[in-house]
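The chain contents come next:
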Amino acid sequence: MSNTKKLIDGLNEDLSAEYQAVVMYQTYASLVTGPYRQELRAFFESEVPDELGHAAFLADKIVALGGDPTTEVPKVPSAKTNKEMLENALQAEIETIDRYMKRIDQADEAGELSVKVRLEDLVVDESQHRDDIRRMLKDWQ
Ligand SMILES: [Fe+2]
Ligand SMILES: [Fe+2]
């Protein structure tokens, strides 16, 4: 398999994870309850356009590289409490950063410098998401 094909396959894996993040944050925004509902809802809603923007970049890039962008949306993990939602979101952000670190190497191997640089921007965004959620979970009873 060529390095470009490997990169396209990887970017498709990332794309479906971004779609999953869109559905996850939108769903959790609807599900939150309790005294912090307003804040949590606003937080989850604010993630949706970020993740959708990532998905749009990936879909465009996959096409530009000659691939077919996936329309698969993996199932969102269910959560019964606000804390569980935040923990699921934190786990997803950590896994996403790991995937992008791997993808940066693949973009390098495929000689796609501009993809590599944009993926680094995505790592910055996802790291911000991760850190925000970590701060929210700290001291949560
Ligand atoms: Fe994202
Ligand atoms: Fe994120």
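Scoring rules and cut-offs
- Residues numbered from 1 in each chain as written.
- Chains lettered and ligands numbered in written order.
- Predicted model: local features only at pLDDT ≥ 70, side-chain atom pairs only at ≥ 80, totals over all residues.
- Heavy atoms only, no water.
- Helix = DSSP H or I, 4+ residues; strand = E, 2+ residues; numbered from the N terminus.
- Contact = heavy atoms within 4.5 Å.
- Areas by Shrake-Rupley, 256 points an atom, 1.4 Å probe, with all protein chains shown as cover.
- Donors = N, O, S within 2.8 Å, 3.2 Å for Na, K, Ca; no water.
- Buried < 20%, exposed > 50% of the residue type's maximum accessible area, 1.4 Å probe, protein only.
- Axes fitted to C-alpha atoms, helices over the stretch in contact; angles between N-to-C directions.
- Parallel < 35°, antiparallel > 145°, perpendicular 65-115°, else oblique.
- Left-handed = near helix turned anticlockwise from the far one by under 90°.
- Nonpolar A, V, L, I, M, F, W, Y, C, P; charged D, E, K, R; others polar.
- Expected span 1.5 Å × (residues − 1).
- 1 Å grid on protein atoms, 1.4 Å probe; cavity = no way out; pocket = protein on both sides within 12 Å on 5 of 7 lines; lining within 4 Å.
- Points joined across faces, edges and corners; volume = space filled by probe spheres on them.
- Polar contact = N/O pair within 3.5 Å; in protein donor to acceptor, adjacent residues only side chain to side chain.

(A) Local environment of the overall build of the protein. Secondary structure summary: the protein contains four helices and zero strands in total. Along the longest, intermediate and shortest principal axes, the C-alpha atoms of the protein span 50 × 25 × 20 Å. Partitioning the intrachain contacts of the protein with sequence separation of at least 6 by distance along the chain shows that 79% fall at a separation of at least 24. A total accessible area of about 7,800 Å² is found for the protein, and carbon and sulfur atoms account for 50% of it.

(B) Fine view of the coordination of the iron ion (ligand 1). Distances from the iron ion (ligand 1) to its protein donors, E18 (OE), E18 (OE), E51 (OE), H54 (ND1) and E126 (OE), fall at 2.0 to 2.3 Å. If you look at the iron ion (ligand 1) and the iron ion (ligand 2), they sit 3.9 Å from each other and are both ligated by E51. Highlighted residues: E18 in helix α1 (residues 3–31) and E126 in helix α4 (residues 113–137), separated in sequence by 108 residues. Each of the two residues, E18 as well as E126, counts as buried.

(C) Up close: the coordination of the iron ion (ligand 2). On the protein side, the iron ion (ligand 2) has E51 (OE), E93 (OE), E93 (OE), E126 (OE) and H129 (ND1) as donor atoms, found 2.0 to 2.3 Å from it. The motif formed by the donor residues of the iron ion (ligand 2), counted along the single chain, is E-x41-E-x32-E-x2-H.

(D) Representation of the packing of helix α3 (residues 82–109) against α4. Contact geometry for α3 and α4: axes closest at 9 Å, N-to-C directions at 160°. By the criterion of interaxial angle, the relationship of α3 to α4 is roughly antiparallel. The two elements α3 and α4 cross, and the hand of that crossing is left-handed. Residues of the contact of α3 with α4, tallied by class, amount to 16 nonpolar, three polar and ten charged.

(E) Main features of the environment of L65. Checked against the element boundaries, L65 lands in the loop between α2 (37–64) and α3. For the pair L65 and V117, spaced 52 residues apart in sequence, the C-alpha to C-alpha distance is 16 Å. With sequence-adjacent residues up to four places away left out, L65 is seen in contact with T4, L7, I8, L11 and E112.

(F) Just α4, in detail. Between its first and last C-alpha, α4 extends 36 Å over 25 residues, near the 36 Å set by a 1.5 Å rise per residue. Along α4, the positions that sit buried rather than exposed are V115, L119, L122, V123, E126, S127, H129, I133 and L137. Where α4 is buried, its residues meet α1, α2 and α3. Immediately beyond the C-terminal end of α4, within one or two residues, lies D139, with a positive phi of roughly 70°.

(G) Representation of the layout of surface pockets. What the largest pocket holds in volume is close to 220 Å³. In this structure, the largest pocket is lined by 17 residues; those nearest its centre are Q20, A92, E93, E95 and T96. Within the residue set of the lining of the largest pocket, elements represented by two or more residues are α1 and α3. When residues of the lining of the largest pocket are assigned to their parent elements, the largest contribution, eight residues, is made by α3. Grouping the amino acids of the lining of the largest pocket by side-chain chemistry returns seven nonpolar, four polar and six charged.

(H) Spotlight on the side chain of H129. Its place among the elements puts H129 in helix α4. H129 sits in the buried class, given a relative accessible area of 3%. A polar atom in the side chain of H129 sits 3.3 Å from the side chain of E93. When near neighbours in sequence (up to four residues on either side) are disregarded, H129 contacts E47, D50, E51, H54 and E93.

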